[in-house]
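Letter by letter, the chains look like this.
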Amino acid sequence: ERPSIHDVFRDEIETLDIKVLMVKVVDIRSNNFIGKIILKQGDKIISLESKPSDGIAIAVRTNSTIYMNETLMKKYGEKIC
């Protein structure tokens, strides 16, 4: 079985001693949600724009916290359980 791109990304950042601090869903543009993957390497913090689905897949693989903009959650979120 071949690894998914999310598994490859996780392995690459671990090899480079990079930590995923968090994943955020921050905005919506043209009916598409916008995500950010926040990374830390040494004393550098880096923010990468991503599709939220990719960010969430990476967060799950790295045990990182996932945040969603409160305004977006109130407008587009649904209560499910």
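In what follows, the structure referred to is the one given above.
These notes cover the structure that comes with them. Since the structure is predicted, the reported quantities are computational estimates derived from the model, not experimental observations.

The rules behind these values
Residues numbered from 1 in each chain as written. Predicted model: local features only at pLDDT ≥ 70, side-chain atom pairs only at ≥ 80, totals over all residues. Heavy atoms only, no water. Core = buried A, V, L, I, M, F, W, Y, C linked by side-chain atoms within 4.5 Å. Buried < 20%, exposed > 50% of the residue type's maximum accessible area, 1.4 Å probe, protein only. Helix = DSSP H or I, 4+ residues; strand = E, 2+ residues; numbered from the N terminus. Contact = heavy atoms within 4.5 Å. Arc of directions from axis to C-beta.

In this structure, I13, I18, V20, V23, I37, L39, I58 and A59 together form the largest nonpolar core, which totals 8 residues. Those elements giving two or more residues to this core turn out to be strand 1 (19–29), strand 2 (32–41) and helix 2 (52–62). Not counting chain neighbours up to four residues away, the residues in contact with I37 comprise V20, M22, V23, I46, S47, L48, S50, G55 and I58.

This next bit is on helix 1 (residues 5–15). Along helix 1, the residues that are buried comprise H6, D7 and I13. The buried side chains of helix 1 occupy one side of the element, clustering within an arc of 135 degrees when seen end-on. In this structure, helix 1 carries I5 and T15 as exposed residues pointing more than 90 degrees from its buried face. The inward-facing, buried residues of helix 1 contact strand 1 and helix 2. Among the residues trailing helix 1, D17 stands out with phi positive, at a value near 55 degrees.

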